[in-house]
Amino acid sequence: MKSAVIVFPGSNRERDMLYALEQIGGQKPLTVWHQETTLPDVDLIVLPGGFSYGDYLRTGAIAGLSPIMKAVKEQADKGVRVLGVCNGFQILTETGILPGALLRNAHLKFVCKEVELEVATNKSVFTSAYNANQVIRCPVAHHDGNYFADEDTLNRLEAEDRIAFRYTQATNPNGSIRNIAGIMNEQKNVLGMMPHPENLIEAAQGGTDGRGIFESALETIA
Amino acid sequence: MKARIKITLKTGVLDPQGKAISHALDQLGFDGIGDVRQGKYIEVDLTETDPAKARAALEDMCERVLANTVIENYAIELDGA
């Protein structure tokens, strides 16, 4: 699987992501600086976690205007897979590639812990390696992960089976509406999620529940 | 020309920071505090002298970056307009 990780000033999870992609995908991913205007031919583009531009104005807002994001949007429209994790999810909503927005956590605290996620659909290129309704463990680390969208958008996401992951009711760490942890675009080739699957891919990290996302993407490309 | 832009959360969007401020005011003993909503205030200096053109440009700025219209409303005030 050929993949590329986009790096913005203030990204800080790109190394974890590069490691996970290489371990599971078998190929060294490319690193692409946000000032680039074109993307190499890849199967998967990843927007990693961090605090791009110090979260100035709104999380992901300035990064969303980076030159590279035009190319990311074009590739996404063509059907290339795009995964945005944490700050990457915030950037995807800010650019309108995914609907909704990520607000300050309801309890106002930065949250760094492990949560439980329910695989809300396994009918997607990002979740096919899981069983439907399987509950997996996954770490979260964010201050602005409180997913919000209007009722119409939420109903549409549900009707179109575009919610990839939900926090279990007991572990919703941020007040996200309808416990939403990750959603997909209409064509289901773009996934944005707040939790960090790249941090739970081998025993040394305490578990391997995060591998499924990368394995799904890998399997469905092969 | 100077523009003053107020950005506020739309009705129905949860504002946990506003809630925390409301509690703090309560604790200080201020009576009768209802809902508190926190927003942003941005000043922009413009070289444009035509108010209509300035307003059009500012609206474009708000739509494209200054506000996230999924969750926020904006109001533009122009000095000397």
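Residues numbered from 1 in each chain as written. Chains lettered and ligands numbered in written order. Predicted model: local features only at pLDDT ≥ 70, side-chain atom pairs only at ≥ 80, totals over all residues. Heavy atoms only, no water.

*Asks:* I would appreciate a short explanation of the pairing of strand β9 (residues 163–167) of chain A in the present structure.
*Replies:* Residue and element names in this part refer to chain A. Counting buried residues in β9 gives four out of five residues, a clear majority hidden from the surface. With three bridges connecting them, strand β6 (residues 111–119) and β9 associate as antiparallel partners. Opposite Leu 117, over in β9, you have Tyr 167 as the bridge partner. Two strands pair when backbone bridges link them, and β9 and strand β10 (residues 180–184) are joined in this way by three bridges, in the antiparallel orientation. Bridge pairing links Phe 165 to Gly 182 in β10. (Buried < 20%, exposed > 50% of the residue type's maximum accessible area, 1.4 Å probe, protein only. Helix = DSSP H or I, 4+ residues; strand = E, 2+ residues; numbered from the N terminus. Pairing = 2+ DSSP bridges.)

*Asks:* I would appreciate a short explanation of the pattern of salt bridges in the present structure.
*Replies:* Charged atoms that come close allow side chains of opposite charge to pair. Enumeration over the complete set of coordinates arrives at 19 salt bridges over all chains. Its salt-bridge partner being Glu 186 of chain A, residue Arg 156 of chain A comes within 3.2 Å of it at the nearest N-O pair. Here Arg 156 of chain A is found in helix α4 (residues 151–159), whereas its partner Glu 186 of chain A is found in the loop between β10 and β11 (190–193), with 30 residues between them in sequence. With a relative accessible area of 41%, Arg 156 of chain A lands in the partly exposed category. Glu 215 of chain A is the salt-bridge partner of Arg 211 of chain A, the closest N and O atoms lying 3.0 Å from each other. Of this pair, Arg 211 of chain A and Glu 215 of chain A both sit in helix α5 (residues 211–221), separated by four residues, roughly a single helical turn. Using a relative accessible area of 25% as the deciding quantity, one classes Arg 211 of chain A as partly exposed. Through salt bridges that share partners, Arg 58 and Glu 94 of chain A together with Lys 40 and Glu 72 of chain B make up one connected network. (Salt bridge = Lys/Arg side-chain N within 4 Å of Asp/Glu carboxyl O.)

*Asks:* Could you clarify how one ought to interpret the interface of chain A and chain B in this entry?
*Replies:* How large an interface is tends to be reported as the accessible area lost when its parts come together. Of the residues lining the interface, 13 residues belong to chain A; the matching set on chain B comes to 16 residues. With both sides pooled, the region where chain A packs onto chain B buries about 1200 Å², and carbon together with sulfur makes up 70% of that total. Our count for the contact surface shared by chain A and chain B stands at one salt bridge. Residues Glu 72 of chain B and Arg 58 of chain A are paired through a salt bridge, measuring 3.8 Å at the closest nitrogen-oxygen approach. On the surface where chain A and chain B come into contact, there are four residue pairs in polar contact (both at pLDDT 80 or more). Across the side of chain A that touches chain B, the residue classes tally to seven nonpolar, three polar and three charged. (Contact = heavy atoms within 4.5 Å. Buried area = accessible area lost by both parts, 1.4 Å probe. Polar contact = N/O pair within 3.5 Å; in protein donor to acceptor, adjacent residues only side chain to side chain. Nonpolar A, V, L, I, M, F, W, Y, C, P; charged D, E, K, R; others polar.)

*Asks:* Even after reading the chapter, I still don't get unusual backbone geometry, so can you show me in this structure?
*Replies:* Excluding glycine, most residues fall at negative phi; most peptide bonds, likewise, are trans. Residues and elements named next belong to chain A. In this structure, Arg 178 takes a positive phi of about 50° despite not being glycine. Looking at the element boundaries, Arg 178 is found in the loop between β9 and β10. Of note in this structure, Asn 179 is not a glycine but carries a positive phi near 60°. Assignment of secondary structure puts Asn 179 in the loop between β9 and β10.

*Asks:* Would you mind showing me how to read the nonpolar core here?
*Replies:* Grouped together as the largest cluster of nonpolar side chains are 64 residues, with contacts concentrated most on Ile 6, Ile 68, Leu 83, Leu 117, Tyr 147 and Phe 165 of chain A. Beyond its immediate sequence surroundings of up to four residues, Leu 117 of chain A is in contact with Gln 134, Val 135, Ile 136, Cys 138, Phe 165, Arg 166, Tyr 167, Ala 181, Met 193 and Pro 195 of chain A. Core analysis: the second largest hydrophobic core is formed by 14 residues, Ala 3, Ile 5, Ile 42 and Cys 62 of chain B among them. (Core = buried A, V, L, I, M, F, W, Y, C linked by side-chain atoms within 4.5 Å.)

*Asks:* Explain the state of the cysteines to me, please; I cannot follow it from the model alone.
*Replies:* Between two cysteines, a covalent bond joining their sulfur atoms is known as a disulfide. This structure, assessed with the given rule, holds zero disulfides over all chains. Unpaired in this structure, Cys 112 of chain A has its nearest cysteine sulfur neighbour in Cys 86 of chain A, at a distance of 10.0 Å. (Disulfide = S-S within 2.5 Å.)

*Asks:* Would you take a moment to explain the sheet that holds β10 of chain A for this structure?
*Replies:* Within a sheet, each strand pairs with its neighbour through backbone hydrogen bonds, oriented either parallel or antiparallel. Residue and element names in this part refer to chain A. Strand order in the open sheet formed by nine strands is β2-β1-β3-β4-β11-β10-β9-β6-β7, with mixed pairing between adjacent strands. Single-partner strands in this sheet number two, and they are β2 (30–33) and β7 (135–142). Across this sheet, the average inter-strand angle for adjacent strands is 25°, counted without regard to direction. Sheet analysis places β6 next to β7, joined by eight bridges and oriented antiparallel. Pairing of Val 115 across the sheet is with Cys 138, part of β7. (Axes fitted to C-alpha atoms, helices over the stretch in contact; angles between N-to-C directions.)

*Asks:* Looking at this model, I keep getting lost on a nonpolar patch on the surface. Mind explaining?
*Replies:* Together, Leu 28, Phe 30 and Ile 33 of chain B make up a nonpolar patch on the protein surface, roughly 310 Å² of accessible area in all. Positionally, Phe 30 of chain B belongs in the loop between α1 (16–27) and β2 (40–45). (Patch = residues over 30% accessible without salt bridge, like charges linked within 9 Å, V, L, I, M, F, W, Y side chains within 5 Å. Areas by Shrake-Rupley, 256 points an atom, 1.4 Å probe, with all protein chains shown as cover.)

*Asks:* Even after reading the chapter, I still don't get the sheet that holds β2 of chain B, so can you show me in this structure?
*Replies:* Residue and element names in this part refer to chain B. Strands sit in the order β2-β1-β3 across an open sheet of three strands; the sheet is antiparallel. Of all strands in the sheet, those bounded by a partner on one side alone are β2 and β3 (72–78). The mean inter-strand angle of the sheet, taken between neighbouring strand axes irrespective of direction, is 20°. Running over the sheet, helix α2 (residues 51–66) touches β1 (2–9), β2 and β3 and is turned about 155° from β3.

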